[in-house]
Amino acid sequence: MGIKSTVLQTVSKAGANPATAAVAATAALAVVGVKGILDKPSRTYEEGSVAREYDAWTQDGILEYYWGEHIHLGYYTKEEMEAGYKKKNFIEAKFDFVDQMMNLGDIDASVDSNAKVLDVGCGVGGTSRYLAKRLGKDASVTGITLSPNQVKRATELAVEQSVPNAKFTVMNALDMEFEDNTFDIVWACESGEHMPDKEAYINEMMRVLKPDGKFVMATWCQRDDRAVPFSKKDNRDLRFLYEEWTHPYFISIEKYAEIIGATGVMNPVTTADWVVETIASWRHSIWVGIYDPRGFIFKPTKYLKCVRDAYCLERMHRAFDRGLMQYGMFATTKKKSE
């Protein structure tokens, strides 16, 4: 007996009208079918996939419409969460996140006004420009990304906002073209997720950081599975999160700290899990699209992609909420030259 027949028989036995039962069964099957489609990842990581996807996101403009210039999660205080996260401006939350990340990294204009800053995985340059403004005209910020479209858009916005001390270029973070000890500050916000070699990612950032320079990083992490191995459901959920948004894999906060320590050039690293402060971003992102559909409503060719992204946002929320995922924060400095 097929699924549809089983549903029909069950509803009929319950005393429902057969026609009503047929409609209910068909609707149920449709939901199951749609979920089956959405549960099958569509953007598996491969060589060139990160640049390709971010080029597409930048070109269609939907992400910028809703997320603004900052393609990262926002920061919500305990009071804001208690009052209801949807009362907070979604884009303002992202600026608040940058402010809090600056605090974690001890980055301040009073001491870093002449700093050379590297923003690794700069997106469309929102944070790069913000740092350039906050630190002042004598500071310089270089943003790197794999996406030519992001560099183009970041540069356009820098010109529009009169931020000449923020520059952008296409560059592979795993093989940077900069000399050793070039930057006073290395900043990395939600770029580690896309890196196929986490050790090379960390090593390159440490290499280009000057002695006594500041390093601060934010990245999505999976929990440490060494004490409690992942279940089948955990592995299944992680696989979806890897493959829907072109991530090769995640690692734990503990593993990142070990990699940083293993470089031998860094002072002890401060770590934190900001899942409580950031988790509202996932569902807030969905709600802003519901409240204001103008960002996608006139782009029918993007409807399926928008649905897929909303579905992935919800699955991200659930993974962070149940502790499968963590929001890793890291801050340290490079040892002084002897």
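The structure we're discussing is the one just above.
Below or above, wherever it landed, is the structure these notes cover. Fair warning: this is a prediction, and the values are worked out from it, not measured in the lab.

1. Overview of the sheet that holds strand S1 (residues 116-120)
One open sheet holds the 7 strands; their spatial order is S3-S2-S1-S4-S5-S7-S6, and the pairing between them is mixed. Both edges of this open sheet fall to strand S3 (166-170) and strand S6 (270-273), since each of them pairs with a single strand only. Each adjacent strand pair in this sheet contributes to an overall mean axis angle of 15°, direction not counted. In terms of strand pairing, strand S5 (residues 209-222) meets strand S7 (residues 325-333) through 9 bridges, oriented antiparallel. When the bridges of S7 are listed, Phe215 appears paired with Thr332. Contacts from helix H8 (residues 126-135) reach S1, strand S2 (140-145), S3 and strand S4 (183-189) within the one sheet, and its direction differs from that of S3 by about 155°.

2. Notes on the pairing of S3
When a strand is regular, its side chains alternate between the sheet's two faces. Sheet topology note: the S2/S3 ladder contains 5 bridges and is parallel. Note that in S3 the partner of Thr142 across the bridge is Lys167. Taken together, S2, helix H9 (residues 148-160) and S3 constitute a β-α-β crossover, and its handedness is right-handed.

3. Focus: the environment of Pro196
Among the structural elements, Pro196 can be located in the loop between S4 and helix H10 (198-208). Distance from Pro196 to Glu46, taken between C-alpha atoms, is 9.3 Å for residues 150 residues apart in sequence. Setting aside chain neighbours within four positions, we find Pro196 in contact with Tyr45, Leu174, Pro248 and Tyr249.

Rules of the game
- Residues numbered from 1 in each chain as written.
- Predicted model: local features only at pLDDT ≥ 70, side-chain atom pairs only at ≥ 80, totals over all residues.
- Heavy atoms only, no water.
- Pairing = 2+ DSSP bridges.
- Helix = DSSP H or I, 4+ residues; strand = E, 2+ residues; numbered from the N terminus.
- Axes fitted to C-alpha atoms, helices over the stretch in contact; angles between N-to-C directions.
- Contact = heavy atoms within 4.5 Å.
- Right-handed = clockwise from strand over helix to strand, strands pointing away.

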